[in-house]
Amino acid sequence: AQSVTQLDSQVPVFEEAPVELRCNYSSSVSVYLFWYVQYPNQGLQLLLKYLSGSTLVKGINGFEAEFNKSQTSFHLRKPSVHISDTAEYFCAVTQVGYGNKLVFGAGTILRVKS
Amino acid sequence: NAGVMQNPRHLVRRRGQEARLRCSPMKGHSHVYWYRQLPEEGLKFMVYLQKENIIDESGMPKERFSAEFPKEGPSILRIQQVVRGDSAAYFCASSPGTSGGAYNEQFFGPGTRLTVL
């Protein structure tokens with residue numbers, strides 16, 4: 001079974017500052033990794049995914065994440081945040097080759113302040 | 001191409017009533033997943049369906065909850081005799097299918113927010 005830990009429930013940051021949202025996972029098998037964003041009262045939108053290949057993955061809205069297999073981490077980063085990035089961010093994993101059901105972390109609320 | 005549609009967006013029920021949540025997948029998608037998001041928590045997998053088949057229901061509560069995805073029409077998540085603890089946001093996602101180890105992206109709907117009074 002897989003599990004996902006998002007180490008920070010809330011991250012406050014000033015506009016134009018860099019941010020890192022942390023995600024660690026646990027799995028005994030190969031996994032795919034994802035970051036989703038959820039704006040208030042809306043569904044989830046995929047930011048980026050790691051399936052294979054380069055461990056540095058670039059996504060939408062200027063976000064990127066790095067897969068670190070030895071540390072079982074998949075931290076999300078953005079060099080300069082905007083007010084519009086205020087949202088909740090979810091890290092998720094799915095087991096390779098089986099049904100693709102997603103296992104989500106508890107989420108990190110990113111609050112961007114002016 | 002319309003996205004995943006869910007209705008109703010908001011549903012209020014009294015304890016003991018039934019709740020029916022509908023999910024219309026994206027055009028061409030034959031796989032549907034249901035997830036539940038309790039307050040202050042992440043999404044939890046409930047059930048994975050293909051047309052007319054339940055593939056994985058390992059996340060479904062054993063009682064009162066059922067799901068279907070008929071040959072025609074939307075997928076339905078049904079909750080009988082609702083209790084206050086069922087209050088949550090229920091999200092549906094669809095994908096075109098799975099093939100071996102390949103990954104097929106799941107596209108999420110806007111969710112149905114169920115409130116049980």
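Residues numbered from 1 in each chain as written. Chains lettered and ligands numbered in written order. Predicted model: local features only at pLDDT ≥ 70, side-chain atom pairs only at ≥ 80, totals over all residues. Heavy atoms only, no water.

Engineer: Is there a simple way to think about the overall build of chain B in this case?
Structural biologist: Secondary structure assignment for chain B yields zero helices and eleven strands. In sequence order, chain B lays out its α and β elements as β-β-β-β-β-β-β-β-β-β-β. For a compact globule of 117 residues, the expected C-alpha radius of gyration is about 13 Å, and chain B comes in at 14 Å, within 12% of that figure. Across its three principal axes, chain B shows a C-alpha extent of roughly 40 × 30 × 30 Å. Counting all 117 residues of chain B, 44% fall into the buried class. A separation of at least 24 residues holds for 54% of the contacts in chain B among residues at least 6 apart in sequence. Accessible area of chain B: about 5,800 Å², with a carbon and sulfur share of 47%. Charge centroids of chain B, computed over 16 positive and 11 negative side chains, lie 7 Å from each other. (Helix = DSSP H or I, 4+ residues; strand = E, 2+ residues; numbered from the N terminus. Rg over C-alpha atoms; globule rule 2.2 N^0.38 Å. Buried < 20%, exposed > 50% of the residue type's maximum accessible area, 1.4 Å probe, protein only. Contact = heavy atoms within 4.5 Å. Areas by Shrake-Rupley, 256 points an atom, 1.4 Å probe, with all protein chains shown as cover. Lys, Arg positive; Asp, Glu negative; His and termini not counted. Charge placed at Lys NZ, Arg CZ, Asp CG, Glu CD.)

Engineer: Would you take a moment to explain unusual backbone geometry for this structure?
Structural biologist: For the bond from Asn7 of chain B to Pro8 of chain B, the omega torsion is 0°, close enough to zero to count as cis. Inspection of the secondary structure assignment puts Pro8 of chain B in the loop between strand S1 (5-7) and strand S2 (10-13). You will see that Asn61 of chain A, though not glycine, has its phi angle at about 60°, which is positive. Tracing the sequence through the fold places Asn61 of chain A in the loop between strand S7 (56-58) and strand S8 (64-68). Backbone geometry at Arg64 of chain B places phi at a positive 75°, although glycine is not the residue there.

Engineer: Would you mind showing me how to read the interface of chain A and chain B here?
Structural biologist: A common way to state how big an interface is: give the accessible area lost once the parts meet. Taken residue by residue, the interface counts 23 residues in chain A and 24 residues in chain B. Roughly 1,800 Å² is buried in total at the junction of chain A and chain B, and carbon and sulfur atoms are behind 53% of that figure. Scanning the region where chain A abuts chain B turns up two salt bridges. For Glu105 of chain B, the salt bridge identified is with Lys49 of chain A, shortest N-O distance 4.0 Å. Counting every contact that joins chain A to chain B gives four residue pairs in polar contact (both at pLDDT 80 or more). Mapped by element, the contributors of at least two residues to the side of chain A that touches chain B are strand S5 (31-38), strand S6 (44-50) and strand S10 (87-95) of chain A. It is S5 of chain A that contributes the most residues to the side of chain A that touches chain B, four residues altogether. (Buried area = accessible area lost by both parts, 1.4 Å probe. Salt bridge = Lys/Arg side-chain N within 4 Å of Asp/Glu carboxyl O. Polar contact = N/O pair within 3.5 Å; in protein donor to acceptor, adjacent residues only side chain to side chain.)

Engineer: What exactly am I supposed to notice about the environment of Pro25 of chain B here?
Structural biologist: Of note, Pro25 of chain B is situated in the loop between strand S3 (19-24) and strand S4 (31-37). Considered as a pair, Pro25 of chain B and Ala2 of chain B are 23 residues apart in the sequence and their alpha carbons are 9.0 Å apart.

Engineer: Explain the state of the cysteines to me, please; I cannot follow it from the model alone.
Structural biologist: Under the definition given, this model contains two disulfides over all chains. Here Cys23 of chain A connects covalently by a disulfide to Cys91 of chain A, the sulfurs 2.0 Å from one another. Residues Cys23 of chain A and Cys91 of chain A share a disulfide whose torsion about the S-S bond is about -65°; that sign makes it left-handed. Within this pair, whereas Cys23 of chain A is found in the loop between strand S3 (19-21) and strand S4 (24-26), its partner Cys91 of chain A is found in strand S10, the two being separated by 68 residues in sequence. One disulfide in the model links Cys23 of chain B with Cys92 of chain B; its S-S distance is 1.7 Å. Across the S-S bond linking Cys23 of chain B and Cys92 of chain B, the dihedral sits near -45°, which makes this disulfide left-handed. Taken together, the residues span a long stretch of sequence, with Cys23 of chain B in strand S3 and Cys92 of chain B in strand S9 (residues 88-95) at a distance of 69 residues. A residue is classified by how much of its surface remains accessible, and Cys92 of chain B, at 0% relative accessible area, is buried. (Disulfide = S-S within 2.5 Å.)

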